[in-house]
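Below, each chain spelled out in residue letters.
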Amino acid sequence: MSQDGVNKGRRTLLVGVTSAVGAVGAGFVAVPFVKSWVPSEKAKAAGAPAKIDVSKIEPGSMLTAEWRGKPVYVVRRTDDMLENLPEHNDRLKDPDNSNKAQQPAYADNINRSRKPEVLVVLGVCTHLGCAPKYFGEVQPQQFDANWPGGWFCPCHGSRFDLSGRVFQGSPAASNLEIPPHSYESANVVVVGVDEENA
Ligand code: FES
């Protein structure tokens, strides 16, 4: 017993017991907290890159894949399709890709792709998110008498060319988005990975 009447030995014991309870309590609280930060297998799969074999896509045709829950359109463009791209620049809202957020730097060209013949683009209309429909043929359409091929969004009528560039008169303000992608081999595109290994 000290002069001020405090039993130092008992105080030390009480502090020790309190700390121990605190530590155990913290342990119980910490476990669910840590668990909530571990992504589930489903979440990991949803964020994983998507590998797409482009070798089976016929010239002029489109394949639909999925990445992060969004449709990814992959088109194998013909030489004619590529040659036509500059022909309608004056009908587009943003022919020169001035909105840099809509494509990675390596797709900041008229083809909006790494390889001219293969376009990889998100199938998500930049108006309100519908999935535009593919009309690859150069032929008059109900929605455009001078249709040069591309996508038409059935929700409110936005039109995009075969590089995903938006036509004037569309409610969508910007070009379709080009996701990060690279080639793992000559015919396998990996969506979600920027580094080129092929
Ligand atoms: S969502 Fe495509 S035009 Fe509105």
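Higher on the page you've got the structure.
These numbers come from a predicted model, not from an experiment. (Residues numbered from 1 in each chain as written. Predicted model: local features only at pLDDT ≥ 70, side-chain atom pairs only at ≥ 80, totals over all residues.)

Bringing the overall build of the protein into the picture now. A tally of helices and strands in the protein yields three helices and nine strands. In the protein, the succession of α and β elements from N to C terminus is α-α-β-β-β-α-β-β-β-β-β-β. Looking at the protein as a whole, 25% of its 198 residues qualify as buried. Long-range pairs, those at least 24 residues apart, make up 51% of the contacts in the protein with a sequence separation of at least 6. (Helix = DSSP H or I, 4+ residues; strand = E, 2+ residues; numbered from the N terminus. Buried ≥ 20, exposed ≤ 12 C-beta atoms within 10 Å, placed from the backbone. Contact = placed C-beta atoms within 7 Å.)

Before going further, it helps to examine the nonpolar core. Note on soluble globular proteins: their nonpolar side chains tend to be buried together. Residues Val72, Val74, Leu119, Val120, Val121, Val189 and Val191 are the most contacted members of the largest nonpolar core, which totals 27 residues. Secondary-structure elements contributing two or more residues to this core are strand 3 (70-76), strand 4 (118-122), strand 6 (150-152) and strand 9 (188-191). (Core = buried A, V, L, I, M, F, W, Y, C linked by C-beta atoms within 7 Å.)

With respect to topology, three strands assemble into an open sheet ordered 2-3-4, the strand pairing being antiparallel. Both edges of this open sheet fall to strand 2 (62-67) and strand 4, since each of them pairs with a single strand only. Pairs of neighbouring strands in the sheet enclose a mean axial angle of 25°, with direction left out of account. When strand 3 meets strand 4, the two strands line up antiparallel, connected through five bridges. Bridging from a neighbouring strand, valine 74 pairs with valine 120 of strand 4. (Pairing = 2+ DSSP bridges. Axes fitted to C-alpha atoms, helices over the stretch in contact; angles between N-to-C directions.)

We now examine the pairing of strand 3. Among the seven residues in strand 3, five count as buried, and that is most of the element. With six bridges connecting them, strand 2 and strand 3 associate as antiparallel partners. Bridge pairing in strand 3 links methionine 62 to valine 75. Counting the residues that bridge the hairpin from strand 2 to strand 3 gives two residues, and of these arginine 68 lies at a positive phi of roughly 50°.

Moving on, we come to the pairing of strand 8 (residues 181-185). Along any regular strand, the residues point their side chains to alternate faces of the sheet. Note that strand 8 and strand 9 share four bridges and pair antiparallel. Bridged to histidine 181 within strand 9 is valine 191. Between the end of strand 8 and the start of strand 9, which pair antiparallel, lie two residues.

When you line up the elements, aspartate 53 lands in strand 1 (residues 50-53). Taking the C-alpha atoms as reference points, aspartate 53 and asparagine 187, separated by 134 residues in sequence, lie 5.7 Å from one another. In this view, aspartate 53 contacts Asn187 and Val188; residues no more than four positions away in its chain are not counted.

In this structure, cysteine 130 sits in the loop between strand 4 and strand 5 (133-135). Residue classification places cysteine 130 among the partly exposed positions, given that 15 C-beta atoms sit within 10 Å. Considered as a pair, cysteine 130 and proline 154 are 24 residues apart in the sequence and their alpha carbons are 8.0 Å apart. Leave out the neighbours within four places in its chain, and cysteine 130 touches Cys125, Cys153, Pro154 and Cys155.

Here glutamate 184 lies in strand 8. Between the C-alpha atoms of glutamate 184 and isoleucine 52, which are 132 residues apart in sequence, the distance is 9.7 Å.

One open sheet accounts for three strands, arranged 5-6-7; its pairing is antiparallel. Because the sheet does not close on itself, it has two edges, and the strands there are strand 5 and strand 7 (159-161). The sheet shows a mean angle of 25° between the axes of neighbouring strands, direction not considered. Bridge analysis of strand 5 against strand 6 gives three bridges, and the strand direction is antiparallel. Its bridge partner lying in strand 6, phenylalanine 135 is registered against glycine 150.

Positive phi values are uncommon outside glycine, yet arginine 68 reaches one of about 50°. Tracing the backbone shows arginine 68 in the loop between strand 2 and strand 3. Using a count of 14 C-beta atoms within 10 Å as the deciding quantity, one classes arginine 68 as partly exposed.

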